[in-house]
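These are the residues of each chain, in order.
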Amino acid sequence: MEIINISNLSYRYHKTDVLENINLSISENDFLAIIGPNGGGKSTLLKLILGLLTPQSGKIEKKIKNNQVGYVPQNTNLNTDFPITALEIVLMGHTTSKKKIFGYSKEDISCAMSSLEKVGMAKFAKSKIGDLSGGQRQRVFIARALCSNPKIMLLDEPTASIDVKGQKEIYELLKELNKSICIVVVSHDISVLLNYAKNVAHINKNLVYHSLENIEKNIDTQNEHLCEVELLSALGKTQICCNHNH
Ligand SMILES: Nc1ncnc2c1ncn2[C@@H]1O[C@H](COP(=O)(O)OP(=O)(O)OP(=O)(O)O)[C@@H](O)[C@H]1O
């Protein structure tokens, strides 16, 4: 079932066109990778889907409620000196809590603990966020997004500045979550992503869509990243056929 439909969407900051005539359909069990060059408009598209920006033309139809969209922003490694625990970070994800000012209810805490459990971080609930590794910290931010029981989770560069082993663990976690949640990931890690994504949207002002569901994914990313030449050759093996220029 389709949960988001984007049609003829264009966006410009001041007088600069950043996205032009974007059409995209996202379904409930999708694992969509959004790739493309720096400045291509990937984060802008996520902000439009989240409703943080309003398109100048075209429309985004969401067939789910706004609080069913989970978001893991870029740069969650900032402010790691702030004395806050993993559990407190996750509690911030509650969108329906009635006790926002003077603490959280037992239900909020048990829901936050269950989110930490889902990402394998329950035993770090009381740890200061600054004492966790980059990968562990990212899991906590994913747990925060899980708190609102999202139907779709948008992640902006979730594995940036995480080592290769940690990156693979994050993608394995997303694969597990994808059994019940639609996942949309903006990433530059094309070689890793291709082992997990079902569909790819390449964005560089315009959008070019590739479905990966019916192709054999035989890219070996067990230990390291592929260089671009290896990646292109791997793509050749999978017989992705592009009849356009990126
Ligand atoms: N608030 C803003 N005001 C003006 N221009 C902006 C603003 N935010 C982004 N831009 C510009 O819009 C373009 C697209 O930016 P965006 O962040 O969406 O790209 P991106 O594909 O996510 O890039 P990256 O891979 O580097 O994160 C860039 O040229 C950027 O400089």
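As shown above, the structure is provided for reference.
All values derive from a computational prediction rather than experimental measurement. (Residues numbered from 1 in each chain as written. Predicted model: local features only at pLDDT ≥ 70, side-chain atom pairs only at ≥ 80, totals over all residues. Heavy atoms only, no water.)

> Could you give an account of the overall build of the protein chain, naming the residues involved and the relevant values?
Across its full length, the protein chain carries 7 helices and 9 strands. Counting only contacts in the protein chain whose residues sit at least 6 apart along the sequence, the fraction spanning at least 24 positions is 68%. (Helix = DSSP H or I, 4+ residues; strand = E, 2+ residues; numbered from the N terminus. Contact = heavy atoms within 4.5 Å.)

> Which residues make up the site of the ligand, and what are the values?
Around the ligand, a shell composed of Tyr 13, Val 18, Pro 37, Asn 38, Gly 39, Gly 40, Gly 41, Lys 42, Ser 43, Thr 44, Gln 74 and His 188 is seen. Contact distances for the ligand include 3.0 Å between an oxygen atom and a backbone N or O atom of Gly 41. Between the ligand and Thr 44, the relevant distance is 2.5 Å, taken from an oxygen atom to a side-chain nitrogen or oxygen of the residue. Compared with its free state, where it exposes 640 Å², the ligand has 60% of that area covered by protein. No other element matches helix α1 (residues 42–50), which puts 3 residues into the shell around the ligand. Class assignment for the residues of the shell around the ligand results in 3 nonpolar, 8 polar and 1 charged. (Near = heavy atom within 4 Å. Polar contact = N/O pair within 3.5 Å; in protein donor to acceptor, adjacent residues only side chain to side chain. Areas by Shrake-Rupley, 256 points an atom, 1.4 Å probe, with all protein chains shown as cover. Nonpolar A, V, L, I, M, F, W, Y, C, P; charged D, E, K, R; others polar.)

> Could you give me a rundown of the nonpolar core, with the residues and numbers involved?
Within the largest apolar cluster, 41 residues are counted, with the highest numbers of intra-cluster contacts made by Phe 31, Val 140, Ile 142, Met 153 and Leu 174. With 6 residues, the top contributor of residues to this core is helix α4 (residues 134–146). Not counting residues up to four positions away in its chain, the partners in contact with Leu 174 are Phe 31, Ile 142, Leu 155, Ile 183 and Val 185. The next biggest cluster of nonpolar side chains, apart from the first, holds 28 residues, and it includes Ile 34, Leu 50, Ile 64 and Ile 203. (Core = buried A, V, L, I, M, F, W, Y, C linked by side-chain atoms within 4.5 Å. Buried < 20%, exposed > 50% of the residue type's maximum accessible area, 1.4 Å probe, protein only.)

> Before we move on, could you go through α4 and cite the residues and values that matter?
For α4, with 13 residues, the first-to-last C-alpha span of 19 Å sits near the 18 Å given by 1.5 Å per residue. Buried residues dominate α4, accounting for 11 of its 13 residues. Looking only at α4, the buried set comprises Gly 135, Arg 137, Gln 138, Arg 139, Val 140, Phe 141, Ile 142, Ala 143, Arg 144, Ala 145 and Leu 146. For α4, the elements touching its buried residues are β5 (69–72), α2 (86–91), α3 (106–118), β6 (152–156) and α5 (164–177). (Expected span 1.5 Å × (residues − 1).)

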